[in-house]
Amino acid sequence: MKKGIYTSLLLATLSFGGVTVISNHTQPAPVEAKSVLKKTFKVGKTATYKGVSLKVNSFQYVEPEEYDSVDEGKHFIVANVTIKNKSRKSYDYNPYDFKLNVNGNNTDFDAYPDAVDNLLEAGTLDKGGSVTGNLAGEIKIGAPNPKLKMSVSYLDNSKNITFTLK
């Protein structure tokens with residue numbers, strides 16, 4: 001009789017222990033595709049990191065017009081980008097999140113050519129929102145392999161989504 005009671009208690013303990021372990025077990029958090037930060041994307045492709053998608057739709061070189069102020073030996077490069085917020089919370093964006101990279105030198109897309117409309121300004125995207133606009137920067141004529149970099153972390157400038165502008 002005692003043996004039966006002990007066996008029942010042991011089985012009950014093991015069963016409840018198993019349930020407890022299962023009920024306290026949490027699924028691991030989904031791993032973000034950090035490879036997005038290591039990859040370089042082409043114009044027309046979409047890169048997504050932590051629910052925010054970036055697509056460089058097109059780019060072009062624009063010659064300065066009469067009233068444009070541009071350094072000697074430079075012209076403008078204009079990238080048309082789309083940012084989509086697929087995350088669950090709002091996303092703040094700013095043109096200063098983007099850098100023009102030429103030979104490892106990062107400069108701001110902070111030019112305002114007269115011939116370019118719809119320049120991207122700072123704003124906030126609600127869940128499901130998107131914005132499309134142009135980023136303009138000065139670039140040396142004939143500069144090889146320009147890239148557009150979008151910083152995805154306010155705390156770490158090395159976390160970027162990168163696009164080649166070819």
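Scroll up for the structure.
Since this is a predicted model, take the numbers as computed values, not measurements.

About the criteria used
Residues numbered from 1 in each chain as written. Predicted model: local features only at pLDDT ≥ 70, side-chain atom pairs only at ≥ 80, totals over all residues. Heavy atoms only, no water. Helix = DSSP H or I, 4+ residues; strand = E, 2+ residues; numbered from the N terminus. Buried < 20%, exposed > 50% of the residue type's maximum accessible area, 1.4 Å probe, protein only. Contact = heavy atoms within 4.5 Å. Areas by Shrake-Rupley, 256 points an atom, 1.4 Å probe, with all protein chains shown as cover. Core = buried A, V, L, I, M, F, W, Y, C linked by side-chain atoms within 4.5 Å. Pairing = 2+ DSSP bridges. Patch = residues over 30% accessible without salt bridge, like charges linked within 9 Å, V, L, I, M, F, W, Y side chains within 5 Å. Salt bridge = Lys/Arg side-chain N within 4 Å of Asp/Glu carboxyl O. Lys, Arg positive; Asp, Glu negative; His and termini not counted. Charge placed at Lys NZ, Arg CZ, Asp CG, Glu CD. 1 Å grid on protein atoms, 1.4 Å probe; cavity = no way out; pocket = protein on both sides within 12 Å on 5 of 7 lines; lining within 4 Å. Points joined across faces, edges and corners; volume = space filled by probe spheres on them. Nonpolar A, V, L, I, M, F, W, Y, C, P; charged D, E, K, R; others polar.

(A) Just the overall build of the protein chain, in detail. A tally of helices and strands in the protein chain yields two helices and eleven strands. Taking all 166 residues of the protein chain together, 34% fall into the buried category. Of all intrachain contacts in the protein chain linking residues separated by at least 6 positions in sequence, the fraction that spans at least 24 positions is 64%. On the protein chain, roughly 11100 Å² of surface is accessible, and the fraction owed to carbon and sulfur atoms is 52%.

(B) Quick look at the nonpolar core. The biggest cluster of nonpolar side chains holds 29 residues, and the ones touching the most others in it are Leu54, Ile83, Phe98, Leu148 and Ile161. When residues of this core are assigned to their parent elements, the largest contribution, four residues, is made by strand E4 (residues 74–85). Once you skip the residues sitting within four places of it in the chain, Leu148 turns out to touch Leu54, Val56, Ala79, Val81, Phe98, Lys99, Phe109, Leu135, Ile161, Thr162, Phe163 and Leu165.

(C) Examining the pairing of strand E7 (residues 105–108) more closely. Relative to E7, strand E6 (residues 98–102) runs antiparallel, the two sharing four bridges. When the sheet's bridge partners are listed, Lys99 is paired in E7 with Asp108. Between E6 and E7, which pair antiparallel in sequence order, lie two residues; one of them, Asn103, sits at a positive phi of approximately 55°.

(D) The arrangement of a positive patch on the surface in detail. Where like charges cluster on the molecular surface, the positive patch consists of Lys39, Lys42, Lys45 and Lys166. Within the secondary structure layout, Lys45 lies in the loop between strand E1 (40–41) and strand E2 (46–49).

(E) Representation of the layout of surface pockets within the structure. In this model, the largest pocket occupies a volume close to 480 Å³. Contributing to the lining of the largest pocket are 19 residues, with Tyr49, Lys50, Val52, Tyr91 and Val152 lying nearest its centre. Split into classes, the residues belonging to the lining of the largest pocket amount to eight nonpolar, six polar and five charged. In this structure, the second largest pocket spans a volume of roughly 270 Å³. Taken together, 15 residues line the second largest pocket, and the ones lying closest to its centre are Lys74, Thr107, Glu138, Ile139 and Lys140. Broken down by secondary-structure element, the contributors of at least two residues to the lining of the second largest pocket are E6, E7 and strand E9 (130–140). Top contributing element to the lining of the second largest pocket by residue count: E9, with four residues. Residue classes in the lining of the second largest pocket are distributed as six nonpolar, four polar and five charged.

(F) Inspection of the sheet that holds strand E11 (residues 160–164) at higher detail. Taken together, the five strands give an open sheet; going across it, the order is E1-E11-E10-E6-E7, and neighbouring strands pair in mixed fashion. Strand pairing shows two members of the sheet lacking a second neighbour, E1 and E7, which therefore form its edges.

(G) Region of the structure containing the pairing of E4. Judged by how many residues are buried, E4 sits mostly within the fold: ten of twelve residues are covered. In the sheet, strand E3 (residues 52–62) pairs with E4 via ten bridges, with the strands oriented antiparallel. In the sheet register, Val56 faces E4, and the bridge partner there is Val81. Bridge analysis of E4 against E9 gives eleven bridges, and the strand direction is antiparallel. Bridge pairing in E9 places Ile83 opposite Val131.

(H) Quick look at the environment of Lys149. Among the secondary structure elements, Lys149 is positioned in strand E10 (residues 147–151). For the pair Lys149 and Leu100, spaced 49 residues apart in the sequence, the C-alpha separation amounts to 6.5 Å. Apart from residues lying up to four places away in sequence, Lys149 is in contact with Asp97, Phe98, Lys99, Asn101, Asn106, Asn160, Ile161 and Thr162.

Taken by themselves, the reported measurements are silent on function.
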